[in-house]
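Each chain is listed here by its residues.
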Amino acid sequence: MDVTIFTTECPVCKMLESKLDSKNIKYSKVTDTNVMLNLGISSVPMLKVNEEMMDTKKAMEFINNLK
């Protein structure tokens, strides 16, 4: 599973990172806002799992449903 979090280190971003860490999910982190804007990301955090982009709500549901 290829996981990337797009973050500005805001409190919600940190909460999502903490959830990933609690499930031992390895991920890469993108903090460059120019990269995010070029991808059409206008709010963070966003989570990319393989090729699927997820907003915060969908990302939390995805993580919570992992065994």
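Going by the structure above, here's the rest.
Residues numbered from 1 in each chain as written. Predicted model: local features only at pLDDT ≥ 70, side-chain atom pairs only at ≥ 80, totals over all residues. Heavy atoms only, no water.

Asker: If you had to explain the pattern of salt bridges to someone new, which residues and values would you point to?
Answerer: Under the definition given, this model contains four salt bridges. In this structure, the salt-bridge partner of K29 is E9, at a minimum N-O distance of 3.2 Å. You can see K29 sitting in strand β2 (residues 28-30) and its partner E9 sitting in the loop between β1 (3-6) and α1 (11-22), a full 20 residues away along the chain. Of the charged contacts in the structure, one is a salt bridge between K48 and E51, with a shortest N-O distance of 3.8 Å. Overall, the relative accessible area of 24% leaves K48 in the partly exposed class. Take E51: its relative accessible area is 66%, and that puts it in the exposed class. Through salt bridges that share partners, E9, E17 and K29 make up one connected network. (Salt bridge = Lys/Arg side-chain N within 4 Å of Asp/Glu carboxyl O. Helix = DSSP H or I, 4+ residues; strand = E, 2+ residues; numbered from the N terminus. Buried < 20%, exposed > 50% of the residue type's maximum accessible area, 1.4 Å probe, protein only.)

So, to be careful, I would describe these as geometric facts and stop short of saying anything about function.
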